[in-house]
Amino acid sequence: MAVHETREHDVLIIGSGGAGLRAATSASAAGVSVGLVTKCLLGKAHTVMAEGGIAAALGNVDERDGWKTHFADTMRGGQYLNNWRMAELHAKEAPDRVRELEAWGALFDRTKDGRILQRNFGGHAYPRLAHVGDRTGLEMLRALQDSGVHLGVDIYMEYTVIELLKDGDRVIGALSYDREKGAFTVFHAKAVIIATGGIGKLYKITSNSWDCTGDGPSLAYHAGAELIDMEFVQFHPTGMVWPPSVRGLLVTEGVRGEGGILRNKDGHRFMFDDIPPLYTDQTADSEEEGWRYTQGDKEARRPPELLTRDHVARCIVREIKEGRGSPHGGVFLDISWIKEKLSDAEQHIKRKLPAMYHQFKRLADIDITKEPMEVGPTTHYAMGGVRVDADTQMSVVPGLFAAGECAAGLHGANRLGGNSLSDLLVFGKRAGEFAAQFARDNQAGQVNHDHVEEAVRRTLEPFDDVDEAGGEGPYQIQEDLQAMMQDLVGIVREEEEMERALVGLERLRGRARRVVVSGNRAYNPGWHAAVDLGHLLTIGEAITRAALERRESRGAHSRSDHPDKDPAAASVNIVIKKGFDGTMETRRETIPAMPAELQAIVEEMK
Amino acid sequence: MDDRITLRLARYRPEEEAEPTFEEYEVPCRKDWVVLDGLNYIKDQLDGTLSFRWSCRMGICGSCGMTVNGEPKLTCETFLTDYAPGPVRIEPLQNFPVIRDLIVEMTDFMQKLTTIKPWIVRDEERPLAEGEYRQTPDEMSEYMQYSMCINCMLCYAACPVYSLDPKFIGPAAIALAQRYNLDSRDEGSGERLDILSQHEGIWACTFVGECTEVCPKDVDPAGAIQRYKLDAALTSLKSFLLPWGAR
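Only a predicted model underlies this, so the values are computations on that prediction, with no experimental measurement involved.

Before going further, it helps to examine the interface of chain B and chain A. Taken together, the contact between chain B and chain A spans 58 residues of the former and 61 residues of the latter. Across the interface of chain B and chain A, roughly 4900 Å² is buried in total on both sides, 56% from carbon and sulfur atoms. Here chain B and chain A share four salt bridges between them. A salt bridge links Arg185(B) to Glu102(A); the nearest nitrogen and oxygen atoms lie 3.1 Å apart. Summed over the shared surface of chain B and chain A, the number is 26 residue pairs in polar contact (both at pLDDT 80 or more). Secondary structure elements with two or more residues in the side of chain B that touches chain A: helix H1 (35–46), strand S6 (98–100), helix H2 (107–115), helix H3 (137–143) and helix H6 (171–181) of chain B. No other element matches H1(B), which puts four residues into the side of chain B that touches chain A.

Have a look at this one:
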């Protein structure tokens, strides 16, 4: 039997994005030993790409804001499928988490009197997003990293976790390999926090970076955890559509928050054509009123471009499908028009949206202060993920915690912009604290070495099959998977297509079993891709099965064969779990009723 | 213009070869393709063992820095057509030990970063209940430029001092120190001065300005270093040469 390196920690965190770093900070402050494993280098995680801001009811720009409004907005945006306790904790704690980040050194745009400035975003009643230009994620991650590096957390960079280790029912560590040498390491821990982020690389068009391959939910699923809300994949309405090499890159909602408008090829501002009933009272009647809202007029209501992302994405898809799209298959997003309103429009845009200005200038040769951008929906965020306890972030598997995008519950059927960064801070902190508590209350478990050897053998299989006939490299399989998910389980879904996707997934799984990689284990990208493929296939199946089970259209989940909401599904989560025979099981579970005081807030704000 | 271009890649497989070698690959030279697209094409289609780092594809994660025709560049922002008809020579960032192919060892920088105390140092911390620290937009713009750093390491790759003396703390770390020194919330500049006025600190810089030249985010580390030298010199003068107190 091979001897693998073993590392011992009280708490092991998987992932170095906002949730992982925030969890590391609080676990370490609780006085336990913390190890943090990350696929990338410290400071490069996908959180750096977040642009618009952190949602928190600080009330700095509009004093009418408070946690109750933030709570009600989050629930409405999620179509009331959210875990209401998470939504409550999130709304209450986000302001302190932002102030804390500020005290650690994060830089924010400021009001004239020196308070943290807040901007408008879709679905938020008041200007609520603390931000710095359009690079808030970078600043947030940097502040967490800079202030966190001296805490004594052991950081294992460029390590990939391939399996969670269990002792009986409990998770007691993880098996990983380091990318540099390809050597296996056993991490032995009393508690494990999954903070691996998103699943965007399951789709062809995505705003996500290469590492968002759904590792966390997949690892947790195989360790016995439940996944919920997997059918809800957020397609951000505005990704770049041209040139092809950058298709999918994010165009921040901040563009619309600053007054950007959507038009079709005929110049028609189509977002006024369809306002959902939940939002009619809150939406502007005229273009004039919408503009006043973006400029801070407290009497005005929001323009329809700032409706929730699921709705805006659907409207864009409708325009494109009905032949009113832009030349490269998107619609036009125009911020340059504000020069009709502001004398210093060009400077204003460059100051408020510097990264967008730079991104379009460099990559598309478009000057956004002078001409409109072409945009279309891009896979952006998974509302679904590991089911966790609202207060502690522990999954149904003892010792296994999850926080951030890979966990589920806060966002329900649709996430509001800005709620993801606050999610990372609020629940990253909680996960770190409660995992530390769990580690103090429990002894270390026993590592099952047979299990480790079996996982090692399986992970190395792609090297053994070099001479086997019929084997292929991982990239073509991954590409075919992405294209299939985009076509068959994309923005608008139907039963027949999703059934075909299930058959397709089985076929792709067969190809993945015969995958071959050349070279050796040191920094071998083909091997990494082969490992990722297993996770992507698991998540692809979970999304497809959950989407088949939800026979209605709600939030981010749209079905052409069931275009309306089904009242019977209004308070039901689709839960996914690995069955005893190893197959994926789906079940429906009714969400417990909200306590009266939360219900009253929802009613009051309706 | 030809629609193919040759990339001459530095390959280094330490288990097989003592020195890096060059290999040539032909890739499509599309108008919208950056060097990174070419590398990914090679990895996906031609040779799955090619090792390099990248992540966001939009110039914000700072992972994909390499030497392109002798110059440090973010490969996600460097267009292939600018080098047509080729060939384009792609090597790892200079001044760093190479681990494999285009991947370099960066732990040295990570350690240096922590030495300059990149967080807000206060004599007394403010309780959260009192709300955020106040900072006006003008105070914020004092240091904002230095906060744009994406840790891409291009400035270290370009720095002639770092190439001669790896102990030199280097442009990005000094700019980061300055980012905190100039932050109105911070009271730690004295502590940082002690670290930076050592030999490997600011005095080592000969003000060649290469770092500022190559910075993809206009952080201007050279400007930060220059300004810091001035501040440090004045502080020394004040304490040692002008006991009666300077202006």
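Moving on to the domain arrangement of chain B. Residues and elements named next belong to chain B. As assigned here, chain B comprises domain 1 (4–104) and domain 2 (107–241). For domain 1 versus domain 2, the separation of C-alpha centres amounts to 30 Å. Domain 1 puts 13 residues into the contact, and the matching count from domain 2 is 14 residues. Together, the buried faces of domain 1 and domain 2 total about 1000 Å²; carbon and sulfur atoms form 65% of this surface. Interface area lost by domain 1 to domain 2 is led by Pro72, Asn95 and Phe96, which between them contribute 49%. Inspection of the domain 1/domain 2 interface yields zero salt bridges. For the pair domain 1 and domain 2, the interface holds four residue pairs in polar contact (both at pLDDT 80 or more). Grouping the amino acids of the side of domain 1 that touches domain 2 by side-chain chemistry returns six nonpolar, five polar and two charged.

Ranked by size, the top nonpolar core spans 259 residues in total, and within it Phe71(A), Ile543(A), Leu7(B) and Leu39(B) carry the most contacts. Here this core gets twelve residues from one element, more than from any other, and that element is helix H15 (residues 525–549) of chain A. Domain assignment of the residues forming this core places at least three in each of domain 1 (4–104) and domain 2 (107–241) of chain B. Residues within four places of Phe71(A) in sequence aside, it is in contact with Trp84(A), Ala87(A), Glu88(A), Ala91(A), Met594(A), Leu598(A), Ile601(A) and Val602(A).

The rules behind each value
- Residues numbered from 1 in each chain as written.
- Chains lettered and ligands numbered in written order.
- Predicted model: local features only at pLDDT ≥ 70, side-chain atom pairs only at ≥ 80, totals over all residues.
- Heavy atoms only, no water.
- Contact = heavy atoms within 4.5 Å.
- Buried area = accessible area lost by both parts, 1.4 Å probe.
- Salt bridge = Lys/Arg side-chain N within 4 Å of Asp/Glu carboxyl O.
- Polar contact = N/O pair within 3.5 Å; in protein donor to acceptor, adjacent residues only side chain to side chain.
- Helix = DSSP H or I, 4+ residues; strand = E, 2+ residues; numbered from the N terminus.
- Domains from an automatic or database assignment.
- Nonpolar A, V, L, I, M, F, W, Y, C, P; charged D, E, K, R; others polar.
- Core = buried A, V, L, I, M, F, W, Y, C linked by side-chain atoms within 4.5 Å.
- Buried < 20%, exposed > 50% of the residue type's maximum accessible area, 1.4 Å probe, protein only.

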